[in-house]
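# An overview of the molecular structure
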Amino acid sequence: MSAQVPIAAYLILAAILFSIGVAAFLIKRNLITVFMSIELMLNAVNLTFVAFSHMWHQVSGQIFVFFVMVVAAAEAAVGLAIIIAIFRTRQTLNVDQIDLMKS
Amino acid sequence: MPSNLWLIPILPFAGFLINGTVGRKLPRRAVTAIALLFTIYPAYIVMNLWLFMKSAGAPLAFTVTSGPWIAITGLHIDFAFTVDHLTLIMLGVVTGVGFLIHLYSAGYMAHEEGYWRFFAYLNLFMFFMSILVLSSSFLLLFVGWEGVGLASYLLVGFYFKKDSAANAGKKAFIVNRIGDFGFLLAMFLIVREFGSLDFTHVFNAISANPDWHGGILTAIALLLVLGATGKSAQIPLYIWLPDAMEGPTPVSALIHAATMVTAGIYMIARCHTLFDRSPYALAVVAIIGAATAIFAACIGMVQHDIKRVLAYSTVSQLGYMFLACGVGAYTAGIFHLLTHAFFKALLFLAAGSVIHSLSGEQDMRKMGGLRKRIPITFWTMTMGVFAIAGIPPLAGFFSKDEILYQAFISNNPLGKLLWFVGLVTAGMTAFYMFRLWFKTFFGPERFDEHTDLHDHGAAVHTHSGSHAVMVVDPEESHTHGVHESPWIMLFPLVVLAILSIIGGWVGVPAAMGGHNEIEHFLDPVFGTGAIAEASTSAASHGLELGLAAVSVLTALTGLFIAYLFYYKKPGTAAALAQRAPALYRLVENKFYMDEIYGAVIITPLLMFSRIFLGGLIDGGIVNGSGAAAAATTRGLGSLVRKVQSGNIRSYAGWLALGAAAVLLVMIFGRSIWPH
């Protein structure tokens, strides 16, 4: 076994990934990019789960990751369908223009 | 017997509910039947009650209590009715005359719009009036007191599409409120002083303490007098009654002559124990009464509207009753109330019949010569005129004479002056009533006949002299010549005429060989029997007869002057008026009382309301606080609205910031706030 990668490294990586995800979510206007940034955040969280699971030698973290992946997959399916529907009706994916709910 | 006492007020109320809710959809016959049935049955009960009270061994008064009405610490008021002899007389007037006037209205109002509404209000009035006279406490009396005011307001403003009628209704209501305010204050004082509003309790408390004079009793009595001046149209609150003539004539007869306006006199008589202890308040009552009597009679002499003459006459006669109460002759006051109810209701109804026959004309300058055209109305009205003028042996003679006599012999230092004022008023009364009589029924026909195609149609226009001929509107379809009223209207007239003749015979004084039955009848209430007995010694019989002769002579003088002015030489009055134009105009304009009140009270009040209450309080504080609350909400809203932008990314940004804040607190918070 090679030397153990310290847990902090995983956490820092996850934090960086999550922050990129948040930043992209806030800055980007394209709905698909926003969607991707959500996936990025989810996976950053997954990474911390796996890291802690490994550290404590417990499987429950890994099981959570599977659940998250399943939910993310379902969400991607539904979300992409919604995005297509929006594009068909409004001919745009700019989030600032999808403002029907705004009074 | 006492058990169906409740039906007396409740039946008219049921009539009011039925006619008031579904009356609009009912045929007129049904409305009439309901209104009449629900008023004749109480009259029947009262008749039985009368027989019961007259029967041997009957109690002097009995009370029916339904149970506690208001029961709090220190104050207990039962919902209770009391019947004694005074109540009985009032009930007789209210239900008896009330029924006759209902009957009359069925004919008089037959072609009016809102027929059902009229009868609903009339029944409502009967309900409250019965409550008023039956109540056994000040509070219940006040309920009736306010209720009749409401009914009066509704009925005066019955033709509410006419501005003048609507305004007259409001005036009647508002002026009465001033009196009611006095009544309320009096009740507060009574509660404070006696801890009860029950008549028996309060009056027993006063009787139990024979040394109690003046002081708080005077204050209570004066406040009650204020209430009475409002309801009974006395100076200074009489101004509403003449305007109340805007209502239909049966209303004037029932409410503004026979019953409601006598409520003030009834109330004073009811509280006689209280008033007897306050010579000052009694003197005020007497002076108000005498002043009102002569003042109103003055105005009545120059009015041209037949109903207004009668209205001022009512005010004047009510002044008489006040005068009687003021000299402590409550029996005489109630006696006059009774006879006045007969003859004044008769006069109003007969005037209504005249107006009806002339298709709504009320100006006496456009009447005349009606004697032959409407003979039954003429004869019944003649009875009324002679009765009110005090010609023996009609009703008014006995009651008016009793008042004058009592004023004369009273130990009030003003007694002789009051008597003299009353005497002059009697002369003036005779004058203006005969003036009305001559102008309406005698002389040339000054009215215009619209559709009567008989030969004397042309003659009408020629001798109208300086008087303007009534402008005829050919479009008016309901005019159909001068005609006698239908029997449904004449029957009450005849009954009331008979009562006006014989009504006074219950009070024939001993000096004229009578028994003065009404005095004995009311003895249990007023307890003046012993005093009256003592004063009617043989020596005073001569005095009483002499005074009666003087007042009859005065009345005849009034009659003679009216005869001269309005029958023999019709121009005399006008010539006299031209001699003293300023005086005549002053009187004709009712001494400008309305204008004075307008300038002295109403205008400042309006200014105060508009500027202070309307501008500062309402505009500044009430509206201002609302506006301030609205502005605060709007300001806060505009701040918070920025958060709800509808922009997904800004939501996400807030979310991220919030999460970051939570994180920061969790990481560093512990070091800042250690446990």
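Residues numbered from 1 in each chain as written. Chains lettered and ligands numbered in written order. Predicted model: local features only at pLDDT ≥ 70, side-chain atom pairs only at ≥ 80, totals over all residues.

## A few points about the overall build of chain A
Each helix and strand counted, chain A has 3 helices and 0 strands in total. For chain A, the N- to C-terminal ordering of α and β elements is α-α-α. Relative to the globule expectation of 13 Å for 103 residues, the C-alpha radius of gyration of chain A, 17 Å, shows a markedly less compact shape. (Helix = DSSP H or I, 4+ residues; strand = E, 2+ residues; numbered from the N terminus. Rg over C-alpha atoms; globule rule 2.2 N^0.38 Å.)

## Notes on the overall build of chain B
Per the secondary structure count, chain B includes 27 helices and 2 strands. C-alpha atoms of chain B, sized along the principal axes, occupy 115 × 70 × 50 Å. Going through the 675 residues of chain B one by one, you find that 48% of them count as buried. Contacts spanning at least 24 positions in sequence make up 79% of the contacts within chain B whose residues lie at least 6 apart. (Buried ≥ 20, exposed ≤ 12 C-beta atoms within 10 Å, placed from the backbone. Contact = placed C-beta atoms within 7 Å.)

## Examining the interface of chain B and chain A
Taken residue by residue, the interface counts 8 residues in chain B and 9 residues in chain A. The class makeup of the residues in the side of chain B that touches chain A is 3 nonpolar, 4 polar and 1 charged. (Nonpolar A, V, L, I, M, F, W, Y, C, P; charged D, E, K, R; others polar.)

## Notes on the nonpolar core
B:F125, B:L323, B:A345 and B:L346 are the most contacted members of the largest nonpolar core, which has 209 residues in total. Apart from residues lying up to four places away in sequence, B:L323 is in contact with B:A286, B:G289, B:A290, B:A293, B:I403, B:A407, B:L418 and B:G422. (Core = buried A, V, L, I, M, F, W, Y, C linked by C-beta atoms within 7 Å.)

## Points about helix α5 (residues 138-156) of chain B
In this model, α5(B) (19 residues) spans 26 Å end to end at C-alpha, consistent with the 27 Å of a helix rising 1.5 Å per residue. Where burial is concerned, most of α5(B) is hidden: 15 out of the 19 residues are buried. (Expected span 1.5 Å × (residues − 1).)

## Quick word on the domain arrangement of chain B
By domain assignment, chain B separates into domain 1 (328-452 + 485-582), domain 2 (589-631) and domain 3 (643-675). Using only C-alpha atoms to locate each centre, domain 2 of chain B and domain 3 of chain B end up separated by 57 Å. (Domains from an automatic or database assignment.)

## Considering the pairing of strand β2 (residues 75-83) of chain B
Residue and element names in this part refer to chain B. Judged from the 8 bridges that link them, strand β1 (residues 62-72) and β2 form a sheet pairing that is antiparallel. Residue pairing for β2: V64 is matched across the bridge by F81. From the end of β1 to the start of β2, which pair antiparallel, there are 2 residues, and G74 there has a positive phi angle of about 85°. (Pairing = 2+ DSSP bridges.)

## Details of unusual backbone geometry
Keep in mind that most residues, glycine aside, have a negative phi and that most peptide bonds are trans. Residue and element names in this part refer to chain B. Following I235, the chain continues into P236 via a peptide bond in cis, with omega recorded as 5°. With respect to the element layout, P236 can be found in the loop between α8 (216-231) and α9 (240-243). The omega torsion across P392 and P393 is 0°, close enough to zero to call that bond cis. Within the secondary structure, P393 sits in the loop between α16 (375-389) and α17 (395-409).

## Some remarks on the environment of B:G230
Residue and element names in this part refer to chain B. Counting through the fold element by element, G230 comes out in helix α8. Overall, G230 belongs to the buried group, with 27 C-beta atoms counted inside 10 Å. Between the C-alpha atom of G230 and that of A389, which follows or precedes it by 159 residues, the distance is 26 Å. Other than its neighbours up to four places away in sequence, G230 contacts V175, N176, I178, G179, D180 and L237.

## Structural notes on the confidence of the model for chain B
Residue and element names in this part refer to chain B. Counting all residues, the mean pLDDT for chain B is 85, and 92% of those residues have values of 70 or more. In this model residues 451-479 is a low-confidence stretch, pLDDT under 50, and it forms 28 contacts with partners more than four residues away in sequence or in other chains. Low confidence marks residues 529-534, where pLDDT is under 50. Its contacts with residues over four positions away, or in another chain, come to 2 contacts. Interface predicted TM-score (ipTM) for the complex: 0.75; the corresponding pTM is 0.77. (pLDDT = per-residue confidence, 0-100.)

## Some thoughts on the environment of B:L134
Residue and element names in this part refer to chain B. Here L134 is to be found in helix α4 (residues 115-134). According to the C-beta neighbour criterion, L134 is buried, with 23 such atoms within 10 Å. Through-space distance from the C-alpha of L134 to that of I206 is 22 Å; in sequence the pair is 72 residues apart. When neighbours within four sequence positions are excluded, L134 is seen to be in contact with I8, P9, F81, V83 and T87.

## Comments concerning helix α1 (residues 7-22) of chain B
With 16 residues, α1(B) extends 22 Å between its outermost C-alpha atoms, agreeing within 8% with the 22 Å of an ideal straight helix rising 1.5 Å per residue. On its buried face, α1(B) sits against α2 (28-54), α3 (85-108) and α4 of chain B.

## Considering the packing of α16(B) against helix α20 (residues 487-502) of chain B
Helices that pack against each other are described as a pair by the angle of their axes relative to one another and the distance between those axes. Residue and element names in this part refer to chain B. At a minimum axis distance of 9 Å, the contact between α16 and α20 shows a crossing angle of 30°. With respect to α20, the element α16 is oriented roughly parallel. The hand of the α16/α20 crossing is left-handed. Note on element contacts: α20 touches α16 through L490, L493, V494, A497, S500 and I501, opposite I376, T377, T380, M383, G384 and A387. Partitioning the contact of α16 with α20 into residue classes produces 8 nonpolar, 4 polar and no charged. (Axes fitted to C-alpha atoms, helices over the stretch in contact; angles between N-to-C directions. Parallel < 35°, antiparallel > 145°, perpendicular 65-115°, else oblique. Left-handed = near helix turned anticlockwise from the far one by under 90°.)

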